[in-house]
Structures are given as structure tokens and as C-alpha cells.
Amino acid sequence: MVRMSAAERRESVIRAATSEFAQGGYYGTSTETIAKRVGVSQPYLFRLFPGKKAIFLAVAERCLRDMRELFEKTSEGLHGEEALHAMAEAYNRLIADDPEKLQMQLQVYVTVAAAEAAGDHEFGEMVRKGWLELWDTVHLPLGADIGQTTTFLAYGMLINTLVGMGFPPGHRVYGGLYDSAQPQPGQGDA
């Protein structure tokens, strides 16, 4: 049996925690559940991460980084409308192929709101930093046009909300979105 390094085990915790948090949210997911999914004890889990908050922050950071990297890769060498449509299509494929990505994003935003309301600003600071990086990532390929950047990200958040609520592709609520922003089959089929 091959032993995993601490870095590999840490990665397995992030993957497992992504699935658990996507389903149960921060407050509804226990570290015991994450440890069981990974196949480690809770004490070992806490040697890798100091607590549940640190695990959630690592997962949230990964979620934002994955989106940023998707947009960077997809828009490479493209500008304006070409970049916009390439990024929109890639994002729609991502959340159609891996619905946990969308579920995790939504959980991140809910957790930030709850933490901020309770006076804990660490979640919000990290997520806002990640969002600014995401903003910058899409802003340049869109010609550094603040209106285009705002519209692109606003459409993305609208799509997240509608798909999260289960509106199927082709529903009239998507009527005002450009074609590349239309949800793919499999999205919203709750």
C-alpha cells in the first residue's frame, strides 16, 4: 500500500470537503463527515488543517481559483466579444459537467453573509479578494471595459441563481441572455 504525502492527503481533504460543503454548507457539514469521506481520523484531519474554518477557506479559495484559471485559459489570446463568449461557454460547460462547482459557489456566498452578520469578517475578506482577482481576470480580455465586465459577471450570478433554483435550460427566464450565456442541458434539471 502506497502512503500519501501530507500534501496529497491535504488535497484529498479539499476534494472531499468540496463535496460535503457543496451539499451541506459550512454549518451543516461536520469535520467528522469530511474525515470519514477521506478515510482519516479527525485528529489527523486537524493536523492537516487547524479546524473546519480553515478547511472551508481552503475549499472556497480553490473554488474561486478554479474559476479564475478557467477564464484565463479560455480567454487566452482572445479579446472583446470572442473572449466574452468563450468564457461564458466554458463556465456553462463547467457547471453543467460538475454541478458541485456551482453548489459550492452558492455555499461560499451564503457562508460569507452569515459570518459577516455574526461579526466574522475573515470569510468575506478572502472571498472579496478572490472576487477582485476574478474581476481582473475577465476585465482585461473584455477590453478593460467596466460595463462589459459588470454585465458578464452579473449574467454569471444570474445564471448561478436561476440554475441553483432549478430553472431548466430554455426557460423563458433566460430569454434576455446572450446565446453563449444560455445554460447547457443538465443545468437546472433539479
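What counts and what doesn't
Residues numbered from 1 in each chain as written. Predicted model: local features only at pLDDT ≥ 70, side-chain atom pairs only at ≥ 80, totals over all residues. Heavy atoms only, no water. Buried < 20%, exposed > 50% of the residue type's maximum accessible area, 1.4 Å probe, protein only. Helix = DSSP H or I, 4+ residues; strand = E, 2+ residues; numbered from the N terminus. Arc of directions from axis to C-beta. Contact = heavy atoms within 4.5 Å. Salt bridge = Lys/Arg side-chain N within 4 Å of Asp/Glu carboxyl O. Phe/Tyr/Trp six-rings, centres within 6.5 Å; stacked < 30°, edge-to-face > 60°. Lys NZ or Arg CZ within 6 Å of the ring centre and 35° of its normal. Core = buried A, V, L, I, M, F, W, Y, C linked by side-chain atoms within 4.5 Å.

### Examining helix α2 (residues 31-38)
- Within the span of α2, buried status applies to Thr-31, Ile-34, Ala-35 and Val-38. Here the buried residues of α2 occupy an arc of 100° about the axis, which is enough to place them on one side.
- Turning to α2, the residues buried within the fold contact α1 (6-24), α3 (42-48) and α4 (52-75).
- Of the residues one or two after α2, Gly-39 is the one with positive phi, at around 90°.

### Digging into the pattern of salt bridges
- Scanning the entire structure with this criterion turns up 12 salt bridges.
- The shortest N-O distance in the salt bridge between Asp-66 and Lys-101 comes to 3.1 Å. In this pair, Asp-66 is assigned in helix α4 and Lys-101 in helix α6 (residues 99-117), connecting sequence segments 35 residues apart.
- Asp-66 gets classed as partly exposed once you look at its relative accessible area, which sits at 22%.
- Notably, a salt bridge pairs Arg-128 with Glu-116, separated by 3.3 Å at the nearest N-O pair. Of the two residues, Arg-128 is situated in helix α7 (residues 122-139) and Glu-116 in helix α6; the sequence distance between them amounts to 12 residues.
- Given the relative accessible area of 43%, Arg-128 is considered partly exposed.

### Section: the packing of aromatic side chains
- Here the structure, examined in full by the defined rule, presents 8 aromatic pairs.
- An angle of 85° between the planes, with centres 4.9 Å apart, marks the rings of Tyr-26 and Tyr-27 as edge-to-face.
- Between the aromatic rings of Tyr-26 and Phe-56, the centroid separation amounts to 5.2 Å while the plane-to-plane angle is 75°, which identifies the pairing as edge-to-face. Separated by 30 residues along the polypeptide, Tyr-26 in the loop between α1 and α2 and Phe-56 in helix α4 bring together distant segments of the chain. Both residues of the pair, Tyr-26 and Phe-56, belong to the buried class.
- Taken together, Phe-21, Tyr-26, Tyr-27, Phe-56 and Phe-123 form an aromatic cluster joined through their ring pairs.
- Seen from the ring of Tyr-26, Lys-52 lies directly overhead, with NZ or CZ sitting 4.7 Å from the centre.

### Describing the nonpolar core
- Within the largest apolar cluster, 50 residues are counted, with the highest numbers of intra-cluster contacts made by Val-13, Phe-21, Ile-34, Ile-55, Phe-56, Met-104 and Phe-152.
- Contributions of two or more residues to this core are made by α1, α2, α3, α4, α5 (80-97), α6, α7 and α8 (146-164).
- Sort the elements by how many residues they give to this core and α4 lands first, with 10 residues.

### Some remarks on the environment of Pro-185
- Relative to the helices and strands, Pro-185 resides in the segment after α8.
- Remark: the alpha-carbon pair of Pro-185 and Gly-170, spanning 15 residues in sequence, is separated by 8.9 Å.
- If we skip the residues at most four places from it in the chain, Pro-185 touches Ala-96 and Pro-169.

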